[in-house]
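Commentary on secondary and tertiary structure
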Amino acid sequence: MKHPLFIKLLGLAAIVLLLMVGLGLIEDVVRDRQRYRSMTAQSVADSLAGPQTLMGPMIHSACVESWDVETGKGEERRTVEQRREFLLTAMPEQLKLRTGAAMEERARGLHKVNTFNLKSHITAQWGALGSLQPQSTMKGSRMHCGAPILMVAVGDARGIRMAQVTLGEQALPLKPGTFHPTYTRGLHASLPESVRGRAEGLTATLDLELVGTERLSIVPLGGSTEVQMTSGWPHPSFSGRFLPSEREVTKDGFTAQWRLSSLATTAQQDIANSKRICVNGQDSPNEYAAPGGGTASDCADSFSVAFVDPVNPYTLADRATKYGVLFIALTFVAVGLFELMKKLRVHPVQYLLVGSALCSFFLLLVSLSEHLPFGIAYGIAATACVLLLAYYASHMLGSLARGIPLGAAIALLYGLLYVLLQLEQTALAVGAIALFLVLAAVMVLTRKVNWYGLTPAANTPRPPAHPGSASATQPGSPS
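No experiment lies behind these values; they were computed from the predicted model shown. (Residues numbered from 1 in each chain as written. Predicted model: local features only at pLDDT ≥ 70, side-chain atom pairs only at ≥ 80, totals over all residues. Heavy atoms only, no water.)

1. Overview of the overall build of the protein chain
Within the protein chain, the regular secondary structure consists of 8 helices and 19 strands. Taken across its 479 residues, the protein chain has 42% of its residues classed as buried. Here the contacts in the protein chain between residues at least 6 apart in sequence split such that 75% fall between residues at least 24 apart. Surface summary for the protein chain: the accessible area is close to 25800 Å², and the carbon and sulfur share equals 59%. (Helix = DSSP H or I, 4+ residues; strand = E, 2+ residues; numbered from the N terminus. Buried < 20%, exposed > 50% of the residue type's maximum accessible area, 1.4 Å probe, protein only. Contact = heavy atoms within 4.5 Å. Areas by Shrake-Rupley, 256 points an atom, 1.4 Å probe, with all protein chains shown as cover.)

2. Structural notes on a nonpolar patch on the surface
Side chains of Leu17, Met20 and Val325 sit close together on the surface and give an oily, nonpolar patch of about 260 Å² of accessible area. Considering the arrangement of structural elements, one finds Leu17 in helix α1 (residues 4-47). (Patch = residues over 30% accessible without salt bridge, like charges linked within 9 Å, V, L, I, M, F, W, Y side chains within 5 Å. Salt bridge = Lys/Arg side-chain N within 4 Å of Asp/Glu carboxyl O.)

3. Brief notes about the pattern of salt bridges
Evaluation of the coordinates by the stated rule reveals 10 salt bridges. Salt-bridge contacts for Glu65 lead to Arg84; the nearest nitrogen and oxygen are separated by 2.7 Å. With Glu65 in strand β1 (residues 52-71) and Arg84 in strand β2 (residues 78-90), this residue pair connects regions lying 19 residues apart in the sequence. Put simply, Arg241 and Asp301 hold a salt bridge, and the shortest N to O gap is 3.2 Å. Taken together, the residues span a long stretch of sequence, with Arg241 in the loop between β14 (236-240) and β15 (246-250) and Asp301 in the loop between β18 (299-300) and β19 (303-307) at a distance of 60 residues. Several salt bridges share partner residues, and in doing so they unite Asp68, Glu81 and Arg142 into one network.

4. Points about the confidence of the model for the protein chain
Confidence along the protein chain averages 79 in pLDDT terms, with 85% of residues attaining 70 or more. Within the protein chain, no element has a lower average pLDDT than helix α8 (residues 427-445), which sits at 74, and none a higher one than strand β13 (residues 224-231), at 92. This model gives residues 281-287 a pLDDT under 50, and the stretch forms 12 contacts once residues within four places in sequence are excluded. (pLDDT = per-residue confidence, 0-100.)

5. Describing the environment of Phe86
When you line up the elements, Phe86 lands in strand β2. Considering only alpha carbons, one finds Phe86 and Ser61, 25 residues apart in sequence, at a separation of 8.7 Å.

6. Comments concerning the packing of helix α3 (residues 313-321) against helix α7 (residues 400-422)
Describing two packed helices takes the angle between their axes plus the distance from one axis to the other. Where α3 meets α7, the closest approach of the two axes is 10 Å, and the angle between their N-to-C directions is 130°. With respect to their mutual orientation, α3 and α7 come out oblique. Crossing of α3 over α7 shows right-handed handedness. Between α3 and α7, the residues in contact are Leu316, Arg319 and Ala320 and Leu417, Leu420 and Leu421, respectively. Along the lines of polarity and charge, the residues of the contact of α3 with α7 split into 5 nonpolar, no polar and 1 charged. (Axes fitted to C-alpha atoms, helices over the stretch in contact; angles between N-to-C directions. Parallel < 35°, antiparallel > 145°, perpendicular 65-115°, else oblique. Left-handed = near helix turned anticlockwise from the far one by under 90°. Nonpolar A, V, L, I, M, F, W, Y, C, P; charged D, E, K, R; others polar.)

7. Here's the deal with the nonpolar core
With 59 residues, the main nonpolar core has Met55, Ile59, Trp126, Leu150, Leu221, Trp258 and Ile271 as its most contacted residues. If one sorts the elements of this core by residue count, strand β6 (residues 149-154) sits on top with 6 residues. With near-sequence residues (within four places) excluded, Met55 lies in contact with Met151, Val152, Ala153, Tyr183, Val219, Leu221, Ile271 and Ile277. One finds Leu330, Phe332, Leu358 and Leu421 within the second-largest nonpolar core, a separate group that totals 40 residues. (Core = buried A, V, L, I, M, F, W, Y, C linked by side-chain atoms within 4.5 Å.)

8. Some words on α7
For the α-helix, the turn length of 3.6 residues means that residues three or four positions removed from each other point alike. Taking 1.5 Å per residue, 23 residues should reach 33 Å; α7 reaches 33 Å between its end C-alpha atoms and fits that length. For α7, the full list of buried residues reads Gly403, Leu406, Gly407, Ile410, Leu413, Tyr414, Leu417, Leu420 and Leu421. (Expected span 1.5 Å × (residues − 1).)

9. Regarding the state of the cysteines
Under the defined criterion, the tally for this structure stands at 1 disulfide. The thiol of Cys359 is not disulfide-bonded; the next cysteine sulfur, from Cys385, is found 9.9 Å away. Among the residues examined, Cys359 registers a relative accessible area of 8% and is labelled buried. (Disulfide = S-S within 2.5 Å.)

10. Structural notes on the side chain of Glu209
You can see Glu209 is positioned in strand β11 (residues 202-213). One buried charged residue, Glu209, remains without a salt bridge, the closest side chain of opposite sign being Lys119 at 4.8 Å. When neighbours within four sequence positions are excluded, Glu209 is seen to be in contact with Asn117, Leu118, Lys119, Gly159, Ile160, Arg161 and Met162. (Lys, Arg positive; Asp, Glu negative; His and termini not counted.)

11. With respect to the packing of aromatic side chains
Enumeration over the complete set of coordinates arrives at 9 aromatic pairs. Summarising the aromatic geometry, the rings of Phe116 and Phe307 are spaced 5.3 Å apart at their centres and angled 40° between planes, so their arrangement reads as tilted. Of this pair, Phe116 sits in strand β4 (residues 111-126) while Phe307 sits in strand β19; the two residues are 191 residues apart in sequence, bridging distant segments of the chain. Taken individually, Phe116 and Phe307 each receive the classification buried, so the pair is uniform in this respect. With 5.1 Å between their ring centres and 70° between their planes, Phe361 and Phe362 make a pair best called edge-to-face. For Phe361, a relative accessible area of 0% puts it in the buried group. The exposure class assigned to Phe362 is buried, which follows from its relative accessible area of 2%. Taken together, the ring pairs in this structure connect Phe116, Phe238, Phe254, Trp258, Phe303 and Phe307 into an aromatic cluster. (Phe/Tyr/Trp six-rings, centres within 6.5 Å; stacked < 30°, edge-to-face > 60°.)

12. Structural notes on the side chain of Ser61
Take Ser61: it is sitting in strand β1. Given the relative accessible area of 0%, Ser61 is considered buried. A polar side-chain atom of Ser61 sits 2.8 Å from the main-chain carbonyl oxygen of Gly146. In this view, Ser61 contacts Phe86, Leu87, Leu88, Cys145, Gly146, Ala147, Pro148 and Arg196; residues no more than four positions away in its chain are not counted. (Polar contact = N/O pair within 3.5 Å; in protein donor to acceptor, adjacent residues only side chain to side chain.)

13. So, the pairing of β6
In summary, the side chains of a regular strand alternate between the two faces of the sheet. With 6 of its 6 residues buried, β6 lies for the most part within the structure. Burial along β6 is two-sided: the residues Ile149, Met151 and Ala153 and Leu150, Val152 and Val154 are all buried. Where β6 and strand β10 (residues 186-190) come together, 5 bridges link them in antiparallel fashion. Paired with Ile149 across the strands is Ser190, a residue of β10. (Pairing = 2+ DSSP bridges.)

If you want it as structure tokens, here you go:
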């Protein structure tokens, strides 16, 4: 253990641990910036509108059934009125929604948030409206029902920019609120009493402009629900209880279509029973989201689209820093190979400076990406670090001919990392193949190295002492 090689390996291990601490501090900076961005998104949602949930149209009518009950005997006999409040609902048999989502970027300081402007055309068709006819549960009871109400619920009513409802050929005046006990945010229109129990059904169309932030959820309320959505955003994330039956995602945007039957979803019964709506992935559940995200048994079915930003600089920087230790290890291996193959000596302090330069890349990347597009910020940070390391390596390794190849190898590592950050589904495969190729190159370059020759063997005989030395005098020989 007193051999210089072991001492140097221990020193390099201590340097790697020190650099890992530095990388951890940089990761803390990235997480802090991510937290600030989340606060910005919440600030925009508080000022504009939050993630939206669209449900409806549906028709409901609030009813009260009252009856008299006699209590007591003789002179204490009294008649007491009892009552039952209930809600009648009529869900559309066919629900068609055609919508386009235009993205708008909002910012608070350095941080940007995706908002959407949704322009929808909704057609709802009802069959016979017998479900709006109240049924008495007590003999001789009195029944009173409010006017039928056509309602549309949204997650955040502040996002309603324009709405127009047409019943047949007649435009209906719209008012805020829904008069529903659970889904209170939205808009409604009062219908004539004549629609109650109507046998031939009716058709309503709704043109709605709705804005929100980052996510849109839709409840499949019809017996047959068809939703077609188009947007110029090329990075949608589909989630919820149902995925699109058809979708096409290109660099210019996406088109998605859902076709659902009431045989596949219990949304109609869930909404009739006033269940909450589970919205996946919301940091701050809106009024209709079940607390804690809910489970499938206590939530109404819905599906959603999140307008994900894949070039979020903090997400990409966080992913990049996770490769920091691998970067340091591969660079140290490259320097060690030069040291081994060219019989050089590199001091541990020089390894520390090289590792520090590698760590500074990630801090440069985070800071520059807040002001520049991520690709440009990455190129500037990588170029600065490669030039610095190539210059330093030329002096550390003794010549420009040795420093330039090391700088080129580091530039190749930065290029590979950028490719990995842009890939989503094949990042693991590409990274594994690249790591295998690096390992294969190291094994080929060191295939003829005698590793035992780097340390003295325990049983190697000591070299003979110099004849003039004191140890060369044999015991008993004349002095």
